[in-house]
Structure formats: structure tokens, C-alpha cells
Amino acid sequence: MAEQSERAYLKQPGIRGTFGKTFSRKTPGKNGSRWYKNVGLGFKTPKEAIEGTYIDKKCPFTGNVAIRGRILSGIVRSTKMKRTLVIRRDYLHFVRKYQRYEKRHKNLSAHVSPAFRVRDGDTVVVGQCRPLSKTVRFNVLKVVPAASKGGKGFGKF
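Every value quoted in this text rests on a predicted model; they were computed, and no experiment measured them. (Residues numbered from 1 in each chain as written. Predicted model: local features only at pLDDT ≥ 70, side-chain atom pairs only at ≥ 80, totals over all residues. Heavy atoms only, no water.)

Concerning the confidence of the model for the chain
For step 1, the next point in the chain: For the chain, per-residue confidence averages 84 on the pLDDT scale, and 76% of positions sit at 70 or higher.
For step 2, the next point in the chain: Across the chain, the secondary-structure element scoring lowest on mean pLDDT is helix 1 (residues 47–51), at 89, and the one scoring highest is strand 3 (residues 100–111), at 97.
For step 3, the next point in the chain: This stretch, residues 18–23, has a pLDDT under 50; its non-local contacts, to residues over four places away or in other chains, come to nine contacts. (pLDDT = per-residue confidence, 0-100. Helix = DSSP H or I, 4+ residues; strand = E, 2+ residues; numbered from the N terminus. Contact = heavy atoms within 4.5 Å.)

Details of the packing of aromatic side chains
For step 1, the next point in the chain: A complete count under the given rule lists two aromatic pairs for this structure.
For step 2, the next point in the chain: Positioned over the ring face of tyrosine 54 is arginine 34, at 4.7 Å from the centre of the ring. (Phe/Tyr/Trp six-rings, centres within 6.5 Å; stacked < 30°, edge-to-face > 60°. Lys NZ or Arg CZ within 6 Å of the ring centre and 35° of its normal.)

Looking at the environment of isoleucine 50
For step 1, the next point in the chain: Here isoleucine 50 is to be found in helix 1.
For step 2, the next point in the chain: Distance in space between the C-alpha atoms of isoleucine 50 and lysine 37 is 8.8 Å, their sequence separation being 13 residues.

In C-alpha cells:
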């Protein structure tokens, strides 16, 4: 997995040594302990977040990020950034003059935890959190793999 690829040595902030007692839950991991949490709202903590060895301070399951506000879903358009993806949200806009609907879309950047395996075309559920960077305000909570069907387009309608 993507463990310790940065120049600085990373560790989970919730885990202290033998003197400070901050363990939320203990599981087999590095040094026999790994901190993780349940984000609530009916989303299960992924198995990779519980048993994995990755360190991600922006992960909603193992990092210091709270999910609050909106819960949205969309289709993954790009996974070219490191731990960030772009999702496309399609919707219909009503034009009163012509009494018709037109297709529109919005792109949204979201942080993706190393606990998830995401590819272009997958459907993801994202939750709003504090600003993680200039454009990222959402975090991936669930991934629904896409059926192997090629082609772009306006898939929902």
C-alpha cells in the first residue's frame, strides 16, 4: 500500500505511547495498535481502514476530519491527482420560456482515502467536511464500482 512515501516520517496523531492513554480502538497494525473511528450516518468503516497501515490525516476514518453538512453522489471523472478525484454531478435545469429541461453538470473535487480503490466511471458517495485545500471540501465515504461499459455521456437520463 502507499505507506511512508513522503520525506517526513508520518504517524497517526491519535496514538500516543504508554503514558498517554488516547487509544480509541486497538487492532493489529503497526506496533499492534491503529486508531480509527465510525463516521456515522450509516456508513461503515472500510476493512482497509481498520487493518491497513496507511497514514492519512485527511481520511474521515483514520484522520482528523469530521463529516458534516451535505451528502452527495456523482460519477468519477478523473483520478489523476494524488489522493484527490474529480466527480461529475449531472442535473436538469428547467427553462421557463420554452417549458423544457436542459442538461447541466458540475465538477466537484473530493479527497479519497487510500482505503478505497477508485477508478474512472465508478459512482462515489461524498460527504462535506472542513476545507482540506483550495478546492477540496468533500471526502469519499463509499464507492460503488461501475459495470464495465465504455463511453461517455449523460448517464443518468
